[in-house]
Amino acid sequence: MAVFLTFVIPGFIMITVHDMVIAGPRRDFSKSLVQVICFSAINYALCSPFLLLSKGLDFYNHHFWAYIVIWFLVLAVFPVILTILYLWLSLTERIDEHLIHPIERPWDWFFRQRGREHWAIVRLKDGSILGGKFGKKSFASSDPTNPEIYLEKVWRLDDKGQFLDPVDRSAGILFTGNELVSIEFFSK
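Note that the structure is a prediction, hence the values are computed from the model and not measured. (Residues numbered from 1 in each chain as written. Predicted model: local features only at pLDDT ≥ 70, side-chain atom pairs only at ≥ 80, totals over all residues. Heavy atoms only, no water.)

Some remarks on the sheet that holds strand S3 (residues 139-140)
The pairing of strands in a sheet comes from backbone hydrogen bonds and takes either a parallel or an antiparallel form.
Thinking step 1. The strand order across the open sheet built from 3 strands is S3-S4-S7, with neighbouring strands paired in antiparallel fashion. Taken across any chain shown, the strands that pair with only one partner, and hence form the sheet edges, are S3 and strand S7 (173-176). (Pairing = 2+ DSSP bridges. Helix = DSSP H or I, 4+ residues; strand = E, 2+ residues; numbered from the N terminus.)

Shown next, in the form of structure tokens:
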């Protein structure tokens, strides 16, 4: 059991961190065991200098706490660091152009760019058009089965789609994916 966990824990941590940073469909871990073990093996290969250090010269008996720290780093800390490093590198422009982008959907890519404010025109399936502000208090879901968006402020639009004025006492508006046709964004 200990050997199994040793080969599962780092890979499980790596996949979990990846899924926490990059939105996508919910993972079925029962189908990811081979991937988990492969990621663990990559982690061990990259951490091999530390592992070799901990195995040599009766290290366990003479430096017990250092041994524990090394294994904690290898099992729990390095998988997090390696995953974040991989994601950071894969999202940089120089490397991004040579790899498949880790963010699968444009919805997730656009809304991942936090801190940016936009004006939005939302077209609904019933033909209506609404305007609003997507700002710091707005939110977009990352659930691919039912995307939802909350705009923090609703605005009146004229017949040409120009923003007129904010709706009085508006606390925002929530749209579900089954209502949306498109969302057009404008920089503030």
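Observations regarding the sheet that holds strand S2 (residues 129-134)
Thinking step 1. Read across the sheet, 5 strands follow the order S6-S5-S2-S1-S8 without closing on themselves; strand pairing throughout is antiparallel. Each edge of the sheet is formed by a strand with only one pairing partner; in this case those strands are strand S6 (163-166) and strand S8 (180-187). Strand-to-strand, the axes of this sheet are offset by a mean angle of 35°, without reference to chain direction.
Thinking step 2. Alignment of strand S1 (residues 118-124) against S2, held across 6 bridges, turns out to be antiparallel. Each bridged residue has a counterpart across the sheet, and for histidine 118 the counterpart in S2 is phenylalanine 134. (Axes fitted to C-alpha atoms, helices over the stretch in contact; angles between N-to-C directions.)

Let's talk about the state of the cysteines
Thinking step 1. Following the criterion strictly, the structure yields 0 disulfides and no others.
Thinking step 2. There is no disulfide at cysteine 38, and the cysteine sulfur nearest it, in cysteine 47, is 16 Å away.
Thinking step 3. Judged by its relative accessible area of 42%, cysteine 38 is partly exposed.
Thinking step 4. Looking at cysteine 47, the relative accessible area reads 3%, which means it is buried. (Disulfide = S-S within 2.5 Å. Buried < 20%, exposed > 50% of the residue type's maximum accessible area, 1.4 Å probe, protein only.)

Comments concerning a nonpolar patch on the surface
Thinking step 1. The grouping of Val3, Phe4, Leu5, Phe7, Ile9, Leu33 and Ile37 at the surface amounts to a nonpolar patch, some 580 Å² of accessible area in total.
Thinking step 2. Within the residue set of the nonpolar patch, elements represented by two or more residues are helix H1 (2-21) and helix H2 (33-46).
Thinking step 3. Per element, the largest residue contribution to the nonpolar patch is 5 residues, and it comes from H1.
Thinking step 4. Mapped onto the elements of the fold, leucine 33 is located in helix H2.
Thinking step 5. On the accessibility criterion, leucine 33 (39% relative accessible area) is partly exposed. (Patch = residues over 30% accessible without salt bridge, like charges linked within 9 Å, V, L, I, M, F, W, Y side chains within 5 Å. Areas by Shrake-Rupley, 256 points an atom, 1.4 Å probe, with all protein chains shown as cover. Salt bridge = Lys/Arg side-chain N within 4 Å of Asp/Glu carboxyl O.)

Regarding the environment of proline 166
Thinking step 1. As for its position among the elements, proline 166 is in strand S6.
Thinking step 2. For the pair proline 166 and lysine 153, spaced 13 residues apart in sequence, the C-alpha separation works out to 7.1 Å.

Observations concerning unusual backbone geometry
Thinking step 1. The phi dihedral of arginine 169 is positive, around 55°, even though this residue is not glycine.
Thinking step 2. Take arginine 169: it is sitting in the loop between S6 and S7.

Brief notes about the packing of helix H3 (residues 48-55) against helix H5 (residues 64-91)
Thinking step 1. The interhelical angle for the contact between H3 and H5, taken along N-to-C directions, is 155°, at an axis separation of 10 Å. The pairing of H3 with H5 is recorded here as roughly antiparallel in orientation. Considering only the axes of H3 and H5, their crossing is left-handed. Contact with H3, carried on its side by Phe50, Leu51, Leu53, Ser54 and Lys55, involves Tyr67, Ile70, Trp71, Val74 and Phe78 of H5 and no other residues of that element.
Thinking step 2. Considered class by class, the residues forming the contact of H3 with H5 number 8 nonpolar, 1 polar and 1 charged. (Parallel < 35°, antiparallel > 145°, perpendicular 65-115°, else oblique. Left-handed = near helix turned anticlockwise from the far one by under 90°. Contact = heavy atoms within 4.5 Å. Nonpolar A, V, L, I, M, F, W, Y, C, P; charged D, E, K, R; others polar.)

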